[in-house]
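Below, each chain spelled out in residue letters.
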Amino acid sequence: MELVAAIVVAFLLLAGALFSLVASIGIVRLPDLYSRMHAASKAGTVGSGLLLLAVGVHSQDLPILARALAGFLFFVLTAPISAHLLARAAHKAGQRLTPPSVRDDLLRDEIKRRSFKMKS
């Protein structure tokens, strides 16, 4: 049984480290704020969650595992929402997309709202 737990912990640690590495490479290499935030929120959340689960499984204690699962659930629920709110605030502050980005739906919707208000 200890061998199975060690294999599960090793897999969770490697997967979590890999996702964290991908998130850090994405933060460095991606062209604009929004792409960087996407890499940090998605891959970073999964990476830190897997590392947290590895610690919970390694402890072999049910209350610690329950706390690790609660922490993982907290990461999954809060990180994408906070990244979305930060990206929306950056957009309202004037941070624009880089030219390789295909479209800006928030800007398009804002222009539609303004034109609708002017017609009314």
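Residues numbered from 1 in each chain as written. Predicted model: local features only at pLDDT ≥ 70, side-chain atom pairs only at ≥ 80, totals over all residues. Heavy atoms only, no water.

Describing the layout of surface pockets
In this structure, the largest pocket spans a volume of roughly 340 Å³. Lining the largest pocket are 16 residues, with Tyr34, His38, Ala83, His84 and Ala87 positioned closest to its centre. Those elements that provide at least two residues to the lining of the largest pocket are helix 2 (33–59), helix 3 (62–92) and helix 4 (105–119). At six residues, helix 2 tops the list of elements feeding residues into the lining of the largest pocket. Within the lining of the largest pocket, the residues separate by chemical class into seven nonpolar, five polar and four charged. (1 Å grid on protein atoms, 1.4 Å probe; cavity = no way out; pocket = protein on both sides within 12 Å on 5 of 7 lines; lining within 4 Å. Points joined across faces, edges and corners; volume = space filled by probe spheres on them. Helix = DSSP H or I, 4+ residues; strand = E, 2+ residues; numbered from the N terminus. Nonpolar A, V, L, I, M, F, W, Y, C, P; charged D, E, K, R; others polar.)

Considering the packing of helix 2 against helix 3
Helix 3 packs onto helix 2 with a crossing angle of 175° between their chain directions and a minimal axis gap of 8 Å. With respect to helix 3, the element helix 2 is oriented roughly antiparallel. (Axes fitted to C-alpha atoms, helices over the stretch in contact; angles between N-to-C directions. Parallel < 35°, antiparallel > 145°, perpendicular 65-115°, else oblique.)

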